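Structure assessment
Single-letter residue listing:
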Amino acid sequence: GDGLCNLHEELNLGAGAALEHYRLQQLAPGAALVETVAVRTGRDARYVQHGFPLGAAVARTGLTVTLEGGGAEAVINGLFLADGSRQVDLVTRVEH
């Protein structure tokens, strides 16, 4: 039903680690979502995100990826499928 989801997610990838992260967000039409996702990668680590936000009344995601080691890599893919009554915002920051 309607309501507020306030989420925080932290991912720490060590040296040489790899993560392929699939994210599906589907909330009720009257719901609100505010979330932050923080990713840190070590040397030669690889982070790949496939995001599929379908929306809510308001859905806002702040994604920060920090590439801390040499050779670290991030790939961010997304497919936004919100209809005319839903809002999806994605603010992405990659620090290297």
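Use the structure listed above.
Summary of the structure given here.

What counts and what doesn't
Residues numbered from 1 in each chain as written. Predicted model: local features only at pLDDT ≥ 70, side-chain atom pairs only at ≥ 80, totals over all residues. Heavy atoms only, no water. Helix = DSSP H or I, 4+ residues; strand = E, 2+ residues; numbered from the N terminus. Buried < 20%, exposed > 50% of the residue type's maximum accessible area, 1.4 Å probe, protein only. Contact = heavy atoms within 4.5 Å. Patch = residues over 30% accessible without salt bridge, like charges linked within 9 Å, V, L, I, M, F, W, Y side chains within 5 Å. Areas by Shrake-Rupley, 256 points an atom, 1.4 Å probe, with all protein chains shown as cover. Salt bridge = Lys/Arg side-chain N within 4 Å of Asp/Glu carboxyl O.

**Examining the environment of Thr66**
By the element assignment, Thr66 lies in strand E5 (residues 58–67). Classification of Thr66 by relative accessible area gives buried; the value is 12%. Separated by 29 residues in the primary sequence, Thr66 and Glu95 place their C-alpha atoms 4.7 Å from one another. Not counting chain neighbours up to four residues away, the residues in contact with Thr66 comprise Val39, Arg40, Thr41 and Glu95.

**Digging into a nonpolar patch on the surface**
A grouping of Tyr22, Leu24, Phe52, Leu79 and Leu81 is seen on the molecular surface, where their side chains present a nonpolar patch of about 530 Å² in accessible area. Within the secondary structure, Leu79 is located in the loop between strand E6 (73–78) and strand E7 (88–95). For Leu79, a relative accessible area of 42% corresponds to the partly exposed category.

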